[in-house]
Amino acid sequence: MATDSWALAVDEQEAAAESLSNLHLKEEKIKPDANGAVVKTNANAEKADEEEKEDRAAQSLLNKLIRSNLVDNTNQVEVLQRDPNSPLYSVKSFEELRLKPQLLQGVYAMGFNRPSKIQENALPLMLAEPPQNLIAQSQSGTGKTAAFVLAMLSQVEPANRHPQCLCLSPTYELALQTGKVIEQMGKFYPELKLAYAVRGNKLERGQKISEHIVIGTPGTVLDWCSKLKFIDPKKIKVFVLDEADVMIATQGHQDQSIRIQRMLPRNCQMLLFSATFEDSVWKFAQKVVPDPNIIKLKREEETLDTIKQYYVLCNSRDEKFQALCNIYGAITIAQAMIFCHTRKTASWLAAELSKEGHQVALLSGEMVVEQRAAVIERFREGKEKVLVTTNVCARGIDVEQVSVVINFDLPVDKDGNPDNETYLHRIGRTGRFGKWGLAVNMVDSKHSMNILNRIQEHFNKKIERLDTDDLDEIEKIAN
Ligand SMILES: Nc1ncnc2c1ncn2[C@@H]1O[C@H](COP(=O)(O)OP(=O)(O)OP(=O)(O)O)[C@@H](O)[C@H]1O
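The rules we used
- Residue positions are counted from 1 within each chain, in the order its sequence is given.
- Only residues with pLDDT of 70 or above have their local features reported here, since the model is predicted, and side-chain atom pairs are shown and tallied only from 80 upward, although totals for entire chains, interfaces and linings are computed over all residues.
- Calculation of side-chain values draws on the structure's entire complement of heavy atoms; hydrogens and water are dropped beforehand.
- What makes a residue near a molecule or strand is one non-hydrogen atom of that residue sitting within 4 Å of it.
- Any pair of N or O atoms that falls within 3.5 Å is considered a polar contact. Within protein, one atom must be able to donate a hydrogen and the other to accept it, and sequence-neighbouring residues count only if both atoms are side-chain atoms.
- Strands pair, by our definition, only if DSSP identifies at least two bridges between them.
- Strands here mean DSSP runs of E at least two residues long; helices mean DSSP runs of H or I at least four residues long; both are numbered from the N terminus.
- Axis definition: a line fitted to C-alpha atoms, limited for helices to the stretch in contact. Angles are taken between N-to-C directions and run from 0 to 180 degrees.
- UniProt positions are given in the numbering used here, feature names are shortened, and annotations may be inferred rather than shown by experiment.
- Type-normalised accessible area, obtained with a 1.4 Å probe on protein chains alone, sets the label of each residue: buried when under 20%, exposed when over 50%, and partly exposed for intermediate values.

**Student:** So what about the site of the ligand? Which residues, and what values?
**Tutor:** In the vicinity of the ligand, 19 residues are found, and the nearest of them are K64, R114, Q119, G141 and T145. Here a nitrogen atom of the ligand sits 2.8 Å away from a polar atom, N or O, in the main chain of R114. The separation between an oxygen atom of the ligand and a polar side-chain atom of T145 is 2.5 Å.

Structure below.
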C-alpha cells in the first residue's frame, strides 16, 4: 500500500475509534442514588448483562489516576547488558547522574528523593554516552515513566527547534498522562517545548513543528512523520515506546509503531517499556529495539497463606444475597469488596445492599475511567464501606485496607475456566500487606463447585465450607 493511502486508512481507523469513544461517552449516565450509591441508569441497559470486556488501556489509565506513589517491590532487578564486559552501573542518588540542574530541581520538586529500583539501573544505561538501547519490564507503578521522561529531557538541546524525542503511547489519554509528567519534571526548564500528536490536534499542511518532544498515538505520529511531514524523523535522537503490552493489544498499533521506527536514524536511541512480558511483547520489543540492554523486575509474589478462605453453598442469586446479609449480620466488616460476573448482577446487588442500609459504591465498565477513579478514591477514603464491582473492571486495583473479599461469582476466563491469576490477585497479599484476610466464595451450581475445586487444586489450599445459617459459625471465622 502506498504511504498516503495507508496513512488514510490509519486516519479512518482512528476516526472510527474516536466516534466509538464519543458514543461511549454519550451513553454514560451514572448518578448517585439517595443513599450515595452510584447507580447505573444506562440507556443501553440490555448490554448490562454482558460480560465486561477487558480494556487494558483503560486499566492502565485507571491505575495511573489512582496511584499516589511508588509500588514497593522487594525483588532483585535483573539486568542483561548488551556488552557483558562493560561495568554494571547503578545509582543510589539522582546527583550521581549529573543531570542538568534544572532537571534535578524538577525531580526533587516532584518529591523524588532517590531513584526507584528500576530507575537505579535504567537511568545510568539510558544516560550513558553513547546512548544505549533498552527494553525494560516492571509492573505498573515502579517508576518507568519517570525514568524515560528524565532520559528524554536530558537529551534535548533546546536551541535546536525541531522534534528530537518521540514517545508513543497507546491512547490519547495515556499520552496526556505522560505529557503531564514531562511538564512537571521539566517545570524549571521553560525553554523546552512539548507537542501532542493526537487526533484532533490539527496543524496546517506544510507546517513543521518546532517543539522538542512529541508525544502521541501511533496512527497520528505516523501521519505526522510520513504523509503530513510535520516531523522530520531523521532528526529524532530518542524514541520511546511506552506500554508496549497495551500497545500491541490494539489492532494496528504494532505495525504503525514498526513503520515509525523504520523511519528513524540508525543511531537513534530506542527505549521500550512494558508492565508485562508475554511472548508477543518480547517479539515486538525485539523488532523495534536493536541490540538492547534488558532490565526486568519481577512482580512481587502474592500468597494465600494469610487468608482464610471459605465457600458458601447457595441455590440462587437471592440465596447468595441472603448469605451475604447473614455474614454482615454476624461479623463487623470495616470494608469489603464484592466481585460479580456481569454488570447486571453488580448493579442489582449494589441496589439490594443499599436497600439494606449499606453505604455502597458500584464500579463497572460502563463508567468512564475518571468516574471509576473517583469511585475508588471515595472507597479508599472510607466514604463507602462496600465496593461492588464486576470481575474485569477491578483488575489490578489494590485497596490496601480491605480485609474482606467476597466472590459473589467466581472468577472465570472467557472460556469459562477458573481464572486463577485473578483469584490470587483479588484475595492474595504480598509481603507488605501480610495482614489477616477473609475471602468468601459463593457457589450456586455444580459448575461453580467444579470451578472452586479446580481453584483449590491449583493453589493446593483447602477452601472450607461455611454454613451462613449458623451465626455462631460465622462469628468464629472472624476470630
Ligand atoms: N524515584 C521516585 N521516588 C518517588 N516517587 C516516584 C519515583 N519515581 C516515580 N515515582 C512516583 O511513583 C508513581 C509511579 O511512577 P511511574 O508512573 O513512573 O511508574 P510506571 O512504572 O511508569 O507506571 P505505569 O506502568 O503505570 O506507567 C508516580 O506517582 C510517580 O510520580
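We are not done yet, so read on.
**Student:** Got a sec to walk through the sheet that holds strand β5 (residues 165-168)? Specific residues and values, please.
**Tutor:** Paired through their backbone hydrogen bonds, the strands of a sheet run either parallel or antiparallel. A sheet is described by the order of its strands in space; here 8 strands give the open sequence β3-β10-β4-β9-β8-β5-β7-β6, paired in mixed fashion. Strand pairing shows two members of the sheet lacking a second neighbour, β3 (77-80) and β6 (194-197), which therefore form its edges. Strand-to-strand twist across the sheet, computed as the mean angle between neighbouring axes with direction ignored, equals 15°. Pairing geometry for β6 and strand β7 (residues 213-216), over 4 bridges, is parallel. Its bridge partner being in β7, Y196 is matched across the sheet by I215.

**Student:** Break down the UniProt feature "domain: Helicase ATP-binding" (unreviewed entry) in the chain for me, with residues and values.
**Tutor:** In the numbering used here, UniProt assigns the feature "domain: Helicase ATP-binding" (unreviewed entry) to residues 125-295. Here residues 125-295 is 37% helix and 18% strand, with 10 Å between the C-alpha atoms at its ends.

**Student:** I'd love a proper account of the pairing of strand β8 (residues 238-241), names of residues and values included.
**Tutor:** Of the two faces of β8, the one lined by V238 and V240 and the one lined by F239 and L241 are each fully buried. Bridge count between β8 and strand β9 (residues 269-274): 4 bridges; the pairing is parallel. Looking at β9, one finds that L241 is bridged to L272.

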